[in-house]
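Summary of structural features
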Amino acid sequence: QVQLVESGGGLVQAGGSLRVSCAASGRTFVHYAMGWFRQAPGKEREFVAAISWSAGNVYYSDSVKGRFTISRDNAKNTVYLQMNSLKPEDTAVYYCAAGVQSIVTMRGLGEYEYWGQGTQVTVSS
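Residues numbered from 1 in each chain as written. Predicted model: local features only at pLDDT ≥ 70, side-chain atom pairs only at ≥ 80, totals over all residues. Heavy atoms only, no water.

**Structural notes on the overall build of the chain**
Heads up, the condition is: Only runs of H or I of at least four residues qualify as helices and only runs of E of at least two qualify as strands under DSSP, and these elements are numbered from the N terminus. Radius of gyration here uses only the C-alpha atoms, and the compact-globule reference equals 2.2 Å multiplied by the residue count raised to the power 0.38. Relative accessible area decides the class of each residue, using a 1.4 Å probe on protein chains only: under 20% of the type maximum gives buried, over 50% gives exposed, and in between gives partly exposed. It only takes one pair of heavy atoms within 4.5 Å for two residues to be counted as in contact. All accessibility values rest on the Shrake-Rupley procedure with a 1.4 Å probe; residue burial counts only the protein chains present in the view. Under the convention used here, Asp and Glu are negative, Lys and Arg are positive, and both His and the chain ends fall outside the count. Where a charge lies is defined by one atom per residue type: Lys uses NZ, Arg uses CZ, Asp uses CG and Glu uses CD.
Along its length, the chain carries 0 helices and 11 strands. Since a compact globule built from 125 residues should have a radius of gyration of about 14 Å, the 13 Å found for the chain is in line with a globular shape. Seen along its three principal axes, the alpha-carbon backbone of the chain occupies a region of about 40 × 25 × 25 Å. Scored against the burial criterion, the 125 residues of the chain give a buried share of 45%. A separation threshold of at least 6 residues defines the contact pool for the chain, and within that pool the share at least 24 residues apart is 57%. Total accessible area on the chain is roughly 6300 Å²; 48% of this is exposed by carbon and sulfur atoms. Across the chain, the 11 positively charged side chains and the 9 negatively charged ones have centroids separated by 5 Å.

**Notes on the nonpolar core**
To keep it simple, the criterion reads: Within this scheme, the nonpolar core is defined by two criteria: the residues are buried Ala, Val, Leu, Ile, Met, Phe, Trp, Tyr or Cys, and they are joined through side-chain atoms within 4.5 Å.
Membership of the largest hydrophobic core comes to 29 residues, with the highest contact counts inside it found for L4, M34, W36, L81, M83 and Y94. Of all the elements in the fold, those that place two or more residues in this core are strand 3 (18-24), strand 4 (33-39), strand 5 (46-51), strand 7 (68-73), strand 8 (78-83), strand 9 (92-99) and strand 11 (119-124). Residues A33, F37, F47 and Y112 belong to the second largest nonpolar core, which totals 7 residues.

**Re the state of the cysteines**
What counts is decided by this rule: Disulfides are defined as cysteine sulfur pairs within 2.5 Å.
A complete count under the given rule lists 1 disulfide for this structure. At a sulfur-sulfur separation of 1.9 Å, the disulfide partner of C22 is C96. Given an S-S torsion of about 45 degrees, the disulfide between C22 and C96 has right-handed geometry. One end of the pair, C22, is in strand 3; the other, C96, is in strand 9, and 74 residues separate them in sequence. Here C22 matches C96 in class, with each residue buried.

**Considerations on the side chain of T119**
As a reminder of what qualifies: Between N or O atoms, a polar contact is any pair within 3.5 Å; within protein, one atom must be a potential hydrogen donor and the other a potential acceptor, and residues adjacent in sequence are included only when both atoms are from side chains.
Tracing the sequence through the fold places T119 in strand 11. From its side chain, T119 meets the backbone nitrogen of G9 in a polar contact 3.2 Å long. Beyond its immediate sequence surroundings of up to four residues, T119 is in contact with E6, S7, G8, G9, V20, A92, V93 and Y94.

**Some words on the environment of R19**
Here R19 is to be found in strand 3. On the basis of relative accessible area, R19 is assigned to the partly exposed category, the value being 46%. Once the C-alpha coordinates of R19 and Y80 are considered, the two residues, 61 residues apart in sequence, prove to be 6.8 Å apart. The residues contacting R19, other than those within four sequence positions of it, are S7, G8, Y80, L81 and Q82.

Below you can see the structure in the form of structure tokens.
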């Protein structure tokens, strides 16, 4: 069992930066692939970024590539999403997710077994 708690969301102006974090409980964090997803009002939850257990593989959606960076610190059981050059269209609730059993592409919602409660990120124009 893994519990995930996101933090670090908030309000930022367009062009600004924000870092959200996801703290995981459980001693097996190191075995899990971790992903960040987001959901804007009225829209489906979408993939943002993912990182393999060893951080050897990272993936980004086209909409955030070059602006966002995912990283993890297995000693701290924490995964981060550094968001730079934020745009109003980045406004959403950001969720972290953990998976191991069903991971294939690391981009699909169904591949992740555990989800956090989400943290709101609002980018003003």
